[in-house]
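This is what each chain is made of:
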Amino acid sequence: MFFPLTFTRPPLRERPFFARRSVMAREREDILKDLSDSVLNMNLGLAVSTAREAIESGLDAFDAITNGLVVGMNKAGVLYEEEEYFVPELLICSDALYAALDILNPYLNREEGQAKIGCVIGVVEGDTHDIGKNLVKIMLDVAGFEIHDLGRNVPLANFVEKAKEVDAQLICLSTLMTTTMDEMATVIEMLKEEGIRDRFKVLLGGGPISQAFADRIGADGYADNAADAVRVAKELIARKPVTAART
Amino acid sequence: MQIPEDTQTSLERVLSYLQGVNPQRIACFPLILNHASRAINVPVSKCIQNAELFGKAHVAAYRRYGNDLITFLSSTSSLAEAMGQKMNFIEDDAPQLADPLVKQLEDIERVKIPDFSSDGRLPVYLGATEHAVAEVGHEVCVSTVLAGPFTTAAALRGADVFVRDLYNNKEWVHKLIELCCQAGLKFIDEILKRKSLPIVAEPIGSASLVSPRVFAEFVSPYLKRMSDRIHANGGGLPAVLHICGKTKPNWKPMRETDWDIWSLDAVDMAEARAFAGDRVTLVGNVTPANLLKNTPDEIDAEAKIICEKAIGSPRGFILGSGCEVPINTPPQNIDALINAARRYGRFDADDVVSPKGKSCC
């Protein structure tokens, strides 16, 4: 069976037996730990060098990502919830994560992953504050959602169009401003008008948003922070009735 | 319930706090910023780009509502704007940051200490301040709000890159904040010259964004210099700091920067009161989005709970909004907020509701 990883490995006979054994015996655990720690400790240099090392030593890219990088990012998410880490720390952790992912992604066997849950995310029209949205995007990405980021100041119809186009299950709307919070209700109305409201779960977040506001405008969920967003998104998807796949 | 009438002027009420005596009733600071344009029926962008309109709008809003503080601010990027940052003006909303001025590290050379007579909208701010002080300065406290050095630096650099600089370019980021601090100190002097109260807003120092460690390293040293300047040149005026969002994790380093009055947003006022002790006067913190969305009765109920938590704080309590009163807030909701101060914050009679702390506001 052909693995895309194999061509990067030096042929076995070129590697001394003892070196090979010591490398392989030592490395999986150590490499995974270094990958995790590099993300958790915001060490971009270590993340990049360890990702390269993982490829060179023949570690499976999927293994390196899910049992290394993602573990570190999730630990960072816990520290964020515990108010040990704040926005800068989480962003720099994610910089290390994505730098390592850039190296590992080409070696991923795409078919070994499960089908991901599509998520459209963006800051609603009229607002350009996107740090919160970006944090939620990172944490949902790490949690295994397929992210379609529309950016900031997004025309409302784009949320609906993109969600239909990619057959998303989740639409995440963000705003920091009271002047733009009502745009979220408009997106929900648009979904209703098209008769496709039930196809999506709509999750809201941002400074002025509250659970009460989310309930009032008929959203499915509200999250107070990026870590919370993952929890709520997973709950919403778990509760979602299985609908026939779109043709 | 009957709303008792005020016989003190707004200024008398606010001065009571500084003199350490109880006012007739607690003061109320709804942070009316861009909403003031509604009082003269002009779009926000027009109001905030013209000194005369800006000044008239805030005087008109004061006359309409009787708020105890006039606050000149349209966005926390005004100082950055005068230092070279481009803004996008929006017809009926506050301006927003355009592309950051400081894209590359060497772009720090493009950042200038502003000329207060010509750069950005500083002349609009200062002209409007003069107008309001001349019109109503004898009866109400007029304030002019500037962003703190950390927030101004973030505006010049773009917040997402800026927060990374805190780790990746420490020395450099101190240089940028230093420039913003120097500009801010000058702004404070210009405001004081016009007999207005300088208020510093440092929203990027919120714990919604940065940790106590970052606050102590990058926010505190500069904020301390700003409060020192107000204490040195303000002729007895208090140093007033506003930080929106969550702030509790950063209260400790905040306290060390020596501000007399804290205007707080997403916090529990009972906890804030316990922390403030006899060092800090608290302002807050009806939820801004609720001012926009809730009914007057709901505003009254929320304000009542806040009063119950915070009245009795040794250095006093001022009812207010947690952050800017949303532009499209129904006027009756602002009335409800101020009436709540009249109802629940009285010190002048035994037969009116006065929860806790009769001894002091």
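All values reported here derive from a predicted model rather than from experimental measurement. (Residues numbered from 1 in each chain as written. Chains lettered and ligands numbered in written order. Predicted model: local features only at pLDDT ≥ 70, side-chain atom pairs only at ≥ 80, totals over all residues.)

### Looking at the overall build of chain A
No. 1: Helix and strand content of chain A: 9 helices and 5 strands.
No. 2: Each helix and strand of chain A, ordered N terminal to C terminal, gives the series α-α-α-α-β-α-β-α-β-α-β-α-β-α.
No. 3: For chain A, the residues scored as buried account for 45% of the 247 residues in total.
No. 4: A separation threshold of at least 6 residues defines the contact pool for chain A, and within that pool the share at least 24 residues apart is 75%. (Helix = DSSP H or I, 4+ residues; strand = E, 2+ residues; numbered from the N terminus. Buried ≥ 20, exposed ≤ 12 C-beta atoms within 10 Å, placed from the backbone. Contact = placed C-beta atoms within 7 Å.)

### A few points about the pairing of strand β6 (residues 197-201) of chain B
Residues and elements named next belong to chain B.
No. 1: Counting buried positions along β6 yields 5 of 5 residues, so the element is predominantly enclosed.
No. 2: What you see with β6 is no split at all: Leu197, Ile199 and Ala201 on one side and Pro198 and Val200 on the other are buried throughout.
No. 3: Note that strand β5 (residues 141-147) and β6 share 5 bridges and pair parallel. By the bridge assignment, Leu146 is partnered in β6 with Val200.
No. 4: Sheet analysis places β6 next to strand β7 (residues 240-243), joined by 3 bridges and oriented parallel. What sits directly across from Val200, in β7, is Leu241.
No. 5: The β-α-β motif built from β6, the intervening helix α9 (residues 212-233) and the parallel element β7 has right-handed crossover chirality. (Pairing = 2+ DSSP bridges. Right-handed = clockwise from strand over helix to strand, strands pointing away.)

### Side note on the sheet that holds strand β2 (residues 69-72) of chain B
All names here are of chain B.
No. 1: Strand order in the open sheet formed by 8 strands is β1-β10-β9-β8-β7-β6-β5-β2, and the pairing between neighbours is parallel. Each edge of the open sheet carries a strand with a single partner, namely β1 (28-29) and β2.
No. 2: Set on the sheet, helix α11 (residues 269-276) makes contact with β8 (261-264) and β9 (281-286); between it and β9 the angle comes to about 170°.
No. 3: With respect to the sheet, helix α13 (residues 296-310) is in contact with β9 and β10 (317-321), its orientation differing from that of β9 by roughly 155°. (Axes fitted to C-alpha atoms, helices over the stretch in contact; angles between N-to-C directions.)

### So, the sheet that holds strand β5 (residues 221-222) of chain A
All names here are of chain A.
No. 1: The parallel open sheet is built from 5 strands, whose spatial order is β2-β1-β3-β4-β5. What marks the edges here is a single partner per strand, and that holds for β2 (145-149) and β5.
No. 2: Against the sheet, helix α6 (residues 156-165) engages β1 (117-123), β2 and β3 (170-174), with an angle of about 165° to β1.

### Examining the packing of helix α5 (residues 131-142) of chain A against helix α9 (residues 226-239) of chain A
Residues and elements named next belong to chain A.
No. 1: Packing of α5 against α9 leaves a shortest axis separation of 8 Å and a crossing angle of 50°. Of the possible angle classes, the one that applies to α5 and α9 is oblique. For α5 against α9, the interelement crossing comes out right-handed. Of α9, the residues touching α5 (which contributes Leu135, Val136, Met139 and Leu140) are Ala226, Ala227, Ala229, Val230 and Ala233.
No. 2: In terms of residue class, the contact of α5 with α9 is built from 9 nonpolar, no polar and no charged. (Parallel < 35°, antiparallel > 145°, perpendicular 65-115°, else oblique. Left-handed = near helix turned anticlockwise from the far one by under 90°. Nonpolar A, V, L, I, M, F, W, Y, C, P; charged D, E, K, R; others polar.)

### Comments concerning the domain arrangement of chain A
Residues and elements named next belong to chain A.
No. 1: Annotation of chain A at the domain level lists domain 1 (6-111) and domain 2 (114-239).
No. 2: Contacts between the two partners involve 9 residues from domain 1, matched on the other side by 7 residues from domain 2.
No. 3: For the side of domain 1 that touches domain 2, the secondary structure elements donating two or more residues are α3 (61-81) and α4 (87-104).
No. 4: Residue classes in the side of domain 1 that touches domain 2 are distributed as 5 nonpolar, 3 polar and 1 charged. (Domains from an automatic or database assignment.)

### Section: the interface of chain B and chain A
Accessible area lost when the parts come together is the quantity often used to give the size of an interface.
No. 1: Contact residues are listed per partner, giving 21 residues for chain B and 17 residues for chain A.
No. 2: Within the residue set of the side of chain B that touches chain A, elements represented by two or more residues are β4 (93-97), α7 (159-168) and α12 (288-293) of chain B.
No. 3: For the side of chain B that touches chain A, the element with the most residues is α7 of chain B, which contributes 6 residues.
No. 4: Tallied by class, residues from the side of chain B that touches chain A come to 14 nonpolar, 3 polar and 4 charged.

### Points about α7 of chain B
No. 1: Listing the buried residues of α7 of chain B in full gives Ala159, Phe162, Val163, Asp165 and Leu166 of chain B. All buried residues of α7 of chain B project into a common sector of 150° when viewed along the axis, lining one side.
No. 2: Of the surrounding elements, those touching the buried residues of α7 of chain B are α4 and α5 of chain A together with α6 (149-157), α8 (170-193) and α9 of chain B. (Arc of directions from axis to C-beta.)

### A look at the pairing of β9 of chain B
Residue and element names in this part refer to chain B.
No. 1: By the criterion of burial, β9 is predominantly enclosed, with 6 of the 6 residues buried.
No. 2: Handedness of the crossover joining β8 and β9 through α11 is recorded here as right-handed.
No. 3: Sheet analysis places β9 next to β10, joined by 5 bridges and oriented parallel. Bridge pairing in β10 places Gly284 opposite Leu319.

### Some words on unusual backbone geometry
No. 1: Across the junction of Gly284 of chain B and Asn285 of chain B, the peptide omega takes the value -25°, indicating a cis bond.
No. 2: Even without being a glycine, Met42 of chain A presents a positive backbone phi close to 60°.
No. 3: Tracing the backbone shows Met42 of chain A in the loop between α1 (17-40) and α2 (44-56).
No. 4: Look at Asn41 of chain B: it is not a glycine, yet its phi comes out positive at around 55°.

### Overview of the nonpolar core
No. 1: Core analysis: the biggest nonpolar cluster contains 194 residues, and Ala64 of chain A together with Leu337 of chain B have the highest contact counts within it.
No. 2: Formed jointly, this core draws a minimum of three residues from each of two domains, domain 1 (6-111) and domain 2 (114-239) of chain A.
No. 3: With near-sequence residues (within four places) excluded, Leu337 of chain B lies in contact with Cys28, Pro30, Val286, Leu291, Ile299, Ala303 and Leu319 of chain B. (Core = buried A, V, L, I, M, F, W, Y, C linked by C-beta atoms within 7 Å.)

### Focus on helix α7 (residues 182-193) of chain A
Residue and element names in this part refer to chain A.
No. 1: In this model α7 runs 17 Å from its N-terminal to its C-terminal C-alpha over 12 residues, within 8% of the 16 Å that 1.5 Å per residue would give.
No. 2: Within the span of α7, buried status applies to Glu183, Met184, Val187, Ile188 and Leu191. The buried residues of α7 occupy an angular sector of 150° when projected down its axis, which confines them to one face. Of the residues in α7, the exposed ones pointing more than 90 degrees away from the buried face are Lys192 and Glu193.
No. 3: Where α7 is buried, its residues meet α6, β3 and β4 (201-205).
No. 4: Directly beyond the C-terminal end of α7, a positive phi value near 70° is found at Gly195. (Expected span 1.5 Å × (residues − 1).)

### Things to note about the confidence of the model for chain A
No. 1: Taken over all residues, the pLDDT of chain A has a mean of 88, while the share at 70 or more is 85%.
No. 2: Segment residues 1-23 of chain A is flagged for pLDDT under 50; beyond a separation of four residues in sequence, or across chains, it makes 12 contacts in the model. (pLDDT = per-residue confidence, 0-100.)

### As for the confidence of the model for chain B
No. 1: Chain-level pLDDT for chain B is 95 on average; 96% of the residues reach the 70-or-more range.
No. 2: Counting contacts from residues 351-361 of chain B, a segment whose pLDDT is below 50, to residues more than four positions away or on other chains yields 28 contacts.

### Examining the environment of Leu101 of chain A
All names here are of chain A.
No. 1: Position of Leu101 among the secondary structure elements: in helix α4.
No. 2: When the C-alpha positions of Leu101 and Ala64 are compared, they lie 9.4 Å apart, and in sequence the two are 37 residues distant.
No. 3: Residues within four places of Leu101 in sequence aside, it is in contact with Ile65 and Leu69.

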